[in-house]
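Structure at a glance
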Amino acid sequence: MNKSMKPESLMMSYGYKPELSEGAIKCPIFLTSTFVFKSAEEGKAYFELAYGKREKLPGEEMGLIYSRINNPDLEILENRLRLWDGADDCAVFESGMSAISTVLLEFLKPGDLLVHSSPTYGGTDHFINHFLPKIGVHTLGFTSEMSEEDLVKAIEETGHASTFAHMHLETPANPTNSLIDIEMCRRVADRFVTDEKPVTIAVDNTYMGPLWQHPLKHGADLVMYSATKYIGGHSDLIAGAVLGNAENMVRVKTLRTFLGNMASPHTGWMLLRSLETLKIRMEAMQENAIKVADFLSQHDKVASIKYLGLLEEGTENHRIYKQQCSGPGAMVSFKIKGGEKEAFKFLNSLQLVKLAVSLGGTESLAEHPKTMTHAGVDEAHLEAIGVTDALIRISVGVENYEDLIWDIGQALDQVTINVIETA
Ligand SMILES: *Cc1c(COP(=O)(O)O)cnc(C)c1O
């Protein structure tokens with residue numbers, strides 16, 4: 001094909017050759033552990049490439065060896081995922097957490113300093129604060145309120161600036177939708193680069209899917225996903241993905257080979273199917289979310305709302321949003337007037353919207369971050385980041401928006417507000 005096509009046009013066919021699979025229009029599930037070599041010489045050549053013993057010859061392609069190293073369902077999936085972020089290469093994992101933890105383990109060693117945005121997803125927070133210190137990694141968290149100069153100063157004050165090696169960012173942050181300026185972080189990281197060490201930046205882009213934000217274009221080295229969320233999109237699988245340039249991805253894929261935490265061929269196949277509708281699903285969810293957020297913002301039982309589409313002009317968050325995101329997404333957080341009692345009454349009264357954690361699926365989900373997804377974060381910190389008793393998070397799905405608004409409206413009607421505490 002000469003014309004360069006948009007990713008959504010290529011999700012049904014890219015990277016798959018029907019003639020290798022009896023002409024089947026769809027890629028079959030390759031449930032096989034190992035692959036037959038045509039000759040011993042061919043087996044030797046594939047292993048030389050797999051273990052990095054030599055560079056590829058001109059036109060040489062890596063062959064299939066063993067499903068922990070490569071498998072057609074995963075390779076085709078990785079090639080298609082690359083298109084959304086414009087990355088050289090991609091690696092898919094058995095979960096978002098295995099993608100994130102593999103990157104942290106590969107780009108950090110004992111004595112190094114990790115700088116990370118805060119809040120982060122609960123599992124990431126646990127890995128950073130409870131596992132990495134055990135292997136001698138120093139950590140520094142920062143919030144979206146910190147300026148460029150404050151961040152540089154905080155890094156210098158750790159006493160570990162000379163071993164600052166890696167940055168982990170999550171933007172928009174779950175569940176507050178607060179934004180981190182990736183380009184600003186690139187400038188900060190570059191101040192600490194020396195001849196001996198680079199400073200890599202990895203962004204957890206789960207909240208914006210691969211559609212509404214492309215961190216590699218803003219100076220990140222790696223972009224990571226919980227593919228369980230928008231990429232999978234049907235709440236029926238667990239998976240993760242990492243994308244970046246060829247050099248960094250060789251490192252990620254090599255560690256994946258030895259940890260053995262790649263996705264299964266079956267999950268790979270499910271994700272191939274999901275990718276065909278990624279764009280229309282995400283756009284439908286966003287259209288619904290804009291209407292739901294608008295309804296909530298005008299409701300008298302709602303104290304405040306956090307949605308990227310309703311950021312106030314002139315604020316730092318609005319500036320970052322304009323610079324870095326192409327749409328407001330489908331995650332809406334709001335504070336109900338009252339506290340836990342009122343929030344629970346609302347959640348227990350929903351009929352169409354399901355009460356569950358997770359996000360990015362076709363069905364709308366609602367949850368209470370303080371006692372559910374963020375139950376592991378310490379109390380003082382929760383308050384500082386705005387996760388209060390009154391906060392409710394909704395992942396808006398593809399249902400009819402009038403039905404969603406009816407459901408949310410009737411659930412709010414069930415809530416009686418006696419004492420009006422401002423949340
Ligand atoms: C869900 C999630 C993860 C973890 O992904 P799993 O697939 O559940 O392992 C990481 N980051 C964010 C922002 C998430 O929402």
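Small disclaimer: the values here were computed from a predicted structure and weren't measured.

Scoring rules and cut-offs
Residues numbered from 1 in each chain as written. Predicted model: local features only at pLDDT ≥ 70, side-chain atom pairs only at ≥ 80, totals over all residues. Heavy atoms only, no water. Axes fitted to C-alpha atoms, helices over the stretch in contact; angles between N-to-C directions. Helix = DSSP H or I, 4+ residues; strand = E, 2+ residues; numbered from the N terminus. Left-handed = near helix turned anticlockwise from the far one by under 90°. Contact = heavy atoms within 4.5 Å. Nonpolar A, V, L, I, M, F, W, Y, C, P; charged D, E, K, R; others polar. Disulfide = S-S within 2.5 Å. Buried < 20%, exposed > 50% of the residue type's maximum accessible area, 1.4 Å probe, protein only. UniProt positions renumbered as here; feature names shortened; annotations may be inferred. Domains from an automatic or database assignment. Buried area = accessible area lost by both parts, 1.4 Å probe. Salt bridge = Lys/Arg side-chain N within 4 Å of Asp/Glu carboxyl O. Phe/Tyr/Trp six-rings, centres within 6.5 Å; stacked < 30°, edge-to-face > 60°. Polar contact = N/O pair within 3.5 Å; in protein donor to acceptor, adjacent residues only side chain to side chain. Pairing = 2+ DSSP bridges.

Description of the packing of helix α4 (residues 96–107) against helix α5 (residues 122–131)
Across the interface, α4 lies against α5 with an axial gap of 10 Å and an inter-helix angle of 30 degrees. Between α4 and α5 the crossing geometry is right-handed. Across the interface between the two elements, Met97, Ile100, Ser101, Leu104 and Leu105 of α4 pack against Gly123, Thr124, Phe127, Ile128 and Phe131 of α5. Grouping the constituent residues of the contact of α4 with α5 by class yields 7 nonpolar, 3 polar and no charged.

Quick look at the state of the cysteines
Considering all chains together, one arrives at 0 disulfides under this definition. The structure places no disulfide on cysteine 27, whose sulfur is separated from the nearest cysteine sulfur, that of cysteine 90, by 15 Å. Take cysteine 27: its relative accessible area is 9%, and that puts it in the buried class.

Some points on the UniProt feature "modified residue: N6-(pyridoxal phosphate)lysine" (unreviewed entry) in the protein chain
UniProt feature "modified residue: N6-(pyridoxal phosphate)lysine" (unreviewed entry): in the numbering of this structure it lies at Lys229. When you line up the elements, lysine 229 lands in the loop between β6 (222–226) and β7 (240–244). The buried category is assigned to lysine 229, whose relative accessible area is 10%. Sequence-distant contacts of lysine 229, defined by excluding residues within four places in its chain, comprise Tyr121, Thr206, Ser358, Leu359 and Gly360.

Some words on the domain arrangement of the protein chain
Taken domain by domain, the protein chain holds domain 1 (7–32 + 67–275) and domain 2 (279–413). Domain 1 and domain 2 are separated by 25 Å when their C-alpha centres are compared. Contacts between domain 1 and domain 2 engage 35 residues on the former and 38 residues on the latter. For the pair domain 1 and domain 2, the summed buried surface comes to about 3,200 Å²; carbon and sulfur atoms form 57% of the total. On the domain 1 side of the contact with domain 2, Leu179, Trp212 and Tyr230 bury the most area, a combined 24% of that side's loss. Applying the counting criterion to the domain 1 and domain 2 interface returns 2 salt bridges.

Some points on the packing of aromatic side chains
The final tally for this structure, using the stated rule, is 8 aromatic pairs. For the ring pair phenylalanine 334 and phenylalanine 346, a centre distance of 5.6 Å and an interplane angle of 90 degrees mean the geometry is edge-to-face. Highlighted residues: phenylalanine 334 in strand β9 (residues 331–336) and phenylalanine 346 in helix α12 (residues 340–349), separated in sequence by 12 residues. Of the two residues, phenylalanine 334 and phenylalanine 346, both sit in the buried class. Cluster of aromatic residues (ring-pair linked, three or more members): Phe37, Tyr46, Phe47, Tyr51 and Phe258.

Structural notes on the environment of serine 118
Structurally, serine 118 is set in the loop between β2 (113–117) and α5. Not counting residues within four places of it along the chain, the set of residues in contact with serine 118 comprises Phe142, Thr143, Ser144 and His381. Engagement of the side chain of serine 118 in a polar contact is seen with the side chain of histidine 381, the distance being 2.9 Å.

Focus: the sheet that holds β2
The strand order across the open sheet built from 7 strands is β1-β7-β6-β5-β4-β2-β3, with neighbouring strands paired in mixed fashion. If you trace the sheet from one side to the other, it starts and ends with β1 (89–93) and β3 (138–142), each paired once. This sheet shows a mean twist of 20 degrees between the axes of neighbouring strands, independent of strand direction. Across 5 bridges, the pairing between β1 and β7 is antiparallel. Bridging across to β7, cysteine 90 finds its partner in leucine 243. Packed onto the sheet, α4 meets β1, β2, β4 (164–170), β5 (200–204), β6 and β7 and runs at close to 150 degrees relative to β6.

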